[in-house]
Amino acid sequence: MLSSKNSALESKDNEIFEVEESIAIQSELIKTMATMVNSKAYVNERNQMGCWKQANYHVEQNNKIVDEELSDWESKFFEVDMDDLHELFMAANYLEIESLLNGVAKRVADIIKACMNVEVIRQTFGINNDFAAQQEEEIRKLNSWNHI
Amino acid sequence: MAIKCIARLRSRRVVQDQLQTPNEVEAEGGCCWANLPQELLWEVLLMIEETESIWPQRKNVVACAGVCRSWRFIIQQIVKLPQLSGKLTFPISVKQPGPKDSLLQCFIKRNRSTQTYYLYLGLTNSALSDGGKFLLAARKCRRPTCTDYIISLQAEDFSKGTNTYAGRLRSNFLGTKFTVFDGQSPQAGAKMGKSRSSRLANLRQVSPSSNYPMAHISYELNLLGSRGPRRMQCNMNTIPATSIAPGGLDPTTQAELNPYQSTPTSFLSKSASMENSVSDQKNGGLVLINKAPRWHEQLQCWCLNFHGRVTIASVKNFQLVASPENEPGGPEHEKIILQFGKVGKDLFTMDYRYPISAFQAFAICLSSFETRIACE
């Protein structure tokens, strides 16, 4: 039986798990849906668990004002591969969990800053260079000025 | 806290249908950062722009602009003009007016053997010896009837035909009058930058192949002859005189994020010649003059208060303020717009602010090296 204080959530791959209500309503989406009955979140089980773990951490921290730097716990939490990070990002956006969104965005920003140059950014994120040839020449000169 | 599996909640199909569907890529099971929703990408890039505000970290903002078109578009929206943010980000920043609220501190290194000058943005709270962000370089070229300083965005490339050519300073034979030319890259004319100055009257776009005379500088002996400090006057063709007044016209042209493009415009109906300094004023161009030093009886020398930024006496040192003839009266004419002076054997500080740009400031300082008007 469903405990009155818990929400049951089903993930994309049909795993069902229970989340305490105070945690679940970190997600604006779930909060909205709390009065409705359904909640099939389109996120796979592993990352959805991840989302709730992070939301739980945030509640435990008593929803402190978000700092500029990720905390130690969050830094470890976000040490995932790029695929999982992407999915966490999309999940946080979909579930509307602000603290998680903030954390993932910071992690992504840190990854970008750690890249030495444009080429490394593209490789890390699997992004293609879609500049026209003329623009590409300008970008090349821009990068050259950047590194003097 | 343990997360336990439990019985499924009852669901209502109607409600489910009304829910937002996930991103299509997610549904396909693919991970694609290139398809990251714009609002998420925006958040990330905004974080980077806000935290990497000074050099050398600012290079990360520039790098993001070079990744792909969507990143470039977002960075272009996020990065503010130097006059608002006080930050220089892209090469085009050196041709945009400096901050309104404060002087931007730079320094110039001279290499006597190669007759080359290098302009750097000072790093916050660092000694000059710690280096700075390179902005522009200039090399002297003597010609039969004049002298040119070729100004470039690359430290060692002074060829005129390339994207790195920023402009030049030309001196007359006597070294008393100078013209600052704003260079144009061949492609620049083809791209029209978004222009905030469209409300100015008499706009004229310059053809891509010409060098546009954007300022005239003249040096004269003081009324005391060579016993007093020389007098400087700079007529800035592309800057309206009212720009220094609150609510005045803005010389900024918001160029596209083409790193080497500038579209200098003049609100004068025709370009001024070197001898036309008086008509420049009548037509409304900003006129800068050097602040008169005071004679210090005890030290027996002319003194200016450089607020610690200049430490070695030199005839080259100067401070420029707006001439009172631009707009009568007002405290605006006490505000230092450009300050230049010696701090070491081949090291000089250059501090500038709105409404002039780093390029214009650098060119004016170069004329101070070149002019032969001196005082005893």
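Quantities reported herein were computed from a predicted structural model and do not represent experimental measurements.

Notes on the pairing of strand 5 (residues 165-171) of chain B
All names here are of chain B.
Right, on to step 1. Strand 5 sits mainly inside the fold: 6 of its 7 residues count as buried.
Right, on to step 2. Alignment of strand 4 (residues 147-152) against strand 5, held across 6 bridges, turns out to be antiparallel. Across the sheet, residue Tyr 149 finds its bridge partner in strand 5, namely Leu 169.
Right, on to step 3. Note: strand 5 against strand 6 (residues 177-182), 5 bridges, orientation antiparallel. Its bridge partner being in strand 6, Ser 171 is matched across the sheet by Phe 178.

Focus: the packing of aromatic side chains
Residues and elements named next belong to chain B.
Right, on to step 1. Enumeration over the complete set of coordinates arrives at 13 aromatic pairs over all chains.
Right, on to step 2. Centre to centre, the rings of Phe 318 and Phe 340 are 5.5 Å apart; their planes meet at 35°, and the pair counts as tilted. Pair noted here: Phe 318 is in strand 12 (residues 318-322) and Phe 340 is in strand 13 (residues 336-344), with a separation of 22 residues, a long-range link.
Right, on to step 3. Overall, Phe 318 belongs to the buried group, its relative accessible area being 2%.
Right, on to step 4. Between the aromatic rings of Phe 340 and Phe 369, the centroid separation amounts to 5.4 Å while the plane-to-plane angle is 75°, which identifies the pairing as edge-to-face. With Phe 340 in strand 13 and Phe 369 in helix 8 (residues 358-370), this pair connects stretches of sequence that are 29 residues apart.
Right, on to step 5. Pairwise contacts between aromatic rings join Tyr 117, Tyr 149, Phe 318, Phe 340, Phe 348 and Phe 369 into one cluster.

A few points about the packing of helix 5 (residues 82-95) of chain A against helix 6 (residues 98-114) of chain A
Each pair of packed helices gets described by two things: the angle between the helix axes and the distance between those axes.
All names here are of chain A.
Right, on to step 1. Between helix 5 and helix 6, the least distance of the axes is 9 Å, while the angle of their chain directions is 145°. In the crossing of helix 5 with helix 6, the sense of the turn from one axis to the other is left-handed. Touching Met 82, Leu 85, Leu 88, Phe 89, Ala 92 and Asn 93 of helix 5 are Leu 100, Leu 101, Val 104, Ala 105, Arg 107, Val 108 and Ile 111, all from helix 6.
Right, on to step 2. Partitioned by chemical class, the residues of the contact of helix 5 with helix 6 number 11 nonpolar, 1 polar and 1 charged.

Digging into the environment of B:Val79
Residues and elements named next belong to chain B.
Right, on to step 1. The residue Val 79 is located in the loop between helix 5 (69-78) and helix 6 (82-85) in this model.
Right, on to step 2. In the structure, Val 79 is positioned 63 residues away from Arg 142 in sequence and 39 Å away in space, judged by C-alpha atoms.
Right, on to step 3. Leave out the neighbours within four places in its chain, and Val 79 touches Glu 49, Arg 58, Val 61, Thr 89 and Phe 90.

Details of the nonpolar core
It is characteristic of soluble globular proteins that their nonpolar side chains tend to be buried jointly.
Residue and element names in this part refer to chain B.
Right, on to step 1. Ranked by internal contacts, the top residues of the largest apolar core, which has 118 residues, are Trp 71, Leu 136, Leu 338, Met 350, Tyr 352 and Phe 362.
Right, on to step 2. There are two domains that each give this core at least three residues, and those are domain 1 (33-79) and domain 2 (85-184 + 211-222 + 229-243 + 283-375).
Right, on to step 3. With residues near it in sequence (within four places) discarded, Phe 362 still touches Ile 108, Tyr 117, Leu 119, Leu 136, Ala 137, Ala 138, Ile 151 and Met 350.

Some remarks on the confidence of the model for chain B
Residue and element names in this part refer to chain B.
Right, on to step 1. Summarising the model, chain B shows a mean pLDDT of 75, and 69% of its residues fall at 70 or more.
Right, on to step 2. Mean pLDDT values for the elements of chain B range from 35 in helix 1 (residues 13-18) up to 96 in strand 14 (residues 347-352).
Right, on to step 3. Note that pLDDT drops below 50 for residues 1-30; the model gives that stretch 50 contacts with residues more than four away or on any other chain.
Right, on to step 4. The complex prediction reports pTM at 0.76, with the ipTM value standing at 0.73.

Conventions adopted
- Residues numbered from 1 in each chain as written.
- Chains lettered and ligands numbered in written order.
- Predicted model: local features only at pLDDT ≥ 70, side-chain atom pairs only at ≥ 80, totals over all residues.
- Heavy atoms only, no water.
- Buried < 20%, exposed > 50% of the residue type's maximum accessible area, 1.4 Å probe, protein only.
- Helix = DSSP H or I, 4+ residues; strand = E, 2+ residues; numbered from the N terminus.
- Pairing = 2+ DSSP bridges.
- Phe/Tyr/Trp six-rings, centres within 6.5 Å; stacked < 30°, edge-to-face > 60°.
- Axes fitted to C-alpha atoms, helices over the stretch in contact; angles between N-to-C directions.
- Left-handed = near helix turned anticlockwise from the far one by under 90°.
- Contact = heavy atoms within 4.5 Å.
- Nonpolar A, V, L, I, M, F, W, Y, C, P; charged D, E, K, R; others polar.
- Core = buried A, V, L, I, M, F, W, Y, C linked by side-chain atoms within 4.5 Å.
- Domains from an automatic or database assignment.
- pLDDT = per-residue confidence, 0-100.

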